[in-house]
Amino acid sequence: SRGADAVAGRLGVDREDVDWLPRHNRATAFFMEHTLAIARLWAALTAALRGTEVTIDEWIGEGALRKRDIRVYDYDANRRLPLRPDGYFELLYPTDTVRCLFVEIDMGTETSDRVARKMRAYDSYRRRGFEEDFKFEKFGVLVVTSGRKRMENLMRVTRHAIDGRLGHFA
């Protein structure tokens, strides 16, 4: 709280305008490892694209995506549910083609049912909502996980949950 007060004072804004809540201090080792994995992905992409004609045109982090409050209709649950990507980026090619990708960092803790539900949520968002929110027609989901066996399982789960064209796995 004192840090948020100091930021507000330094910026000359009301304390309520500083985006910080006590729950933002939940910095468990697992949470930090997940956050670092997202940062490592961004750094790896940036390094891999250096010297090419492809650029990351936009990167939106987890926090900014949460503020957008993306919701999709889940037909299994018969209600609107939040969709919480770990990141989003747009690759810009020299032909002015843009490839949009949401990021999911898989730490191996979610069940197959939960992964399937999340992929169905992305599929629902692809059909209704994405174009309105991001002004592009299509996107993919880049799922980054820790090992080959887990990746193969996630691919199988995704294929059974949706048509499979949405997912890219690494």
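Structure first, text after, so check above.
Calculation notes
Residues numbered from 1 in each chain as written. Predicted model: local features only at pLDDT ≥ 70, side-chain atom pairs only at ≥ 80, totals over all residues. Heavy atoms only, no water. Helix = DSSP H or I, 4+ residues; strand = E, 2+ residues; numbered from the N terminus. Buried < 20%, exposed > 50% of the residue type's maximum accessible area, 1.4 Å probe, protein only. Contact = heavy atoms within 4.5 Å. Areas by Shrake-Rupley, 256 points an atom, 1.4 Å probe, with all protein chains shown as cover. Lys, Arg positive; Asp, Glu negative; His and termini not counted. Charge placed at Lys NZ, Arg CZ, Asp CG, Glu CD. Salt bridge = Lys/Arg side-chain N within 4 Å of Asp/Glu carboxyl O. Pairing = 2+ DSSP bridges. Axes fitted to C-alpha atoms, helices over the stretch in contact; angles between N-to-C directions. Core = buried A, V, L, I, M, F, W, Y, C linked by side-chain atoms within 4.5 Å. Phe/Tyr/Trp six-rings, centres within 6.5 Å; stacked < 30°, edge-to-face > 60°. Patch = residues over 30% accessible without salt bridge, like charges linked within 9 Å, V, L, I, M, F, W, Y side chains within 5 Å.

(A) Region of the structure containing the overall build of the protein chain. Each helix and strand in the protein chain was counted, giving six helices and seven strands. Sequence-ordered secondary structure for the protein chain, helices as α and strands as β, is α-α-β-α-β-β-β-β-α-α-β-α-β. Counting the 170 residues in the protein chain, one finds 35% classified as buried. Sequence-distant contacts in the protein chain: of pairs separated by 6 or more residues, those separated by 24 or more amount to 58%. Entry remark: accessible area of the protein chain is about 10,900 Å², with carbon and sulfur atoms responsible for 51%. The positive charge centre, built from 30 side chains, and the negative charge centre, built from 27, are 5 Å apart in the protein chain.

(B) Inspection of the pattern of salt bridges at higher detail. With the rule as written, the count across this model stands at 10 salt bridges. Between Glu110 and Lys118 there is a salt bridge; the shortest N-O distance is 3.6 Å.

(C) The arrangement of the sheet that holds strand E5 (residues 98-105) in detail. Spatially, the five strands line up as an open sheet ordered E1-E4-E5-E6-E7, and their pairing is mixed. With one partner strand each, in any of the chains shown, strand E1 (55-61) and strand E7 (167-169) form the two edges of the open sheet. Sheet twist, expressed as the mean angle between neighbouring strand axes with direction ignored, is 25°. Here six bridges tie strand E4 (residues 87-92) to E5, and the two strands are oriented antiparallel to one another. Bridged to Gly87 within E5 is Val103. Contacts from helix H4 (residues 112-127) reach E5, strand E6 (140-144) and E7, with the element oriented near 155° to E5.

(D) Just the nonpolar core, in detail. Core analysis: the largest hydrophobic core is formed by 24 residues, its most contacted members being Tyr88, Phe102, Tyr122, Tyr125, Phe130, Phe134 and Phe139. Elements supplying a minimum of two residues to this core: E5, H4, helix H5 (130-134), E6 and helix H6 (148-161). The greatest single-element share of this core, amounting to six residues, is contributed by H4. Sequence-distant contacts of Phe102, defined by excluding residues within four places in its chain, comprise Leu65, Pro85, Gly87, Tyr88, Tyr122, Tyr125, Phe130, Phe134, Phe139, Gly140, Val141 and Leu142.

(E) Fine view of the packing of aromatic side chains. What the rule picks out here adds up to 14 aromatic pairs. Taken together, a centroid distance of 5.6 Å and an interplanar angle of 15° make the contact between Trp59 and Phe89 stacked. With Trp59 in strand E1 and Phe89 in strand E4, this pair connects stretches of sequence that are 30 residues apart. Taken together, the aromatic side chains of Tyr88, Phe102, Tyr122, Tyr125, Phe130, Phe134 and Phe139 make up a single cluster linked through ring pairs.

(F) View of a negative patch on the surface. A surface patch of negative charge is lined by Glu131, Glu132, Asp133 and Glu137. Along the chain, Glu132 falls in helix H5.

(G) Spotlight on unusual backbone geometry. The phi dihedral of Asp69 is positive, around 50°, even though this residue is not glycine. Summarising the element assignment, Asp69 is placed in the loop between helix H3 (62-68) and strand E2 (71-74). Even without being a glycine, Asp96 presents a positive backbone phi close to 70°. Of note, Asp96 is situated in the loop between E4 and E5.

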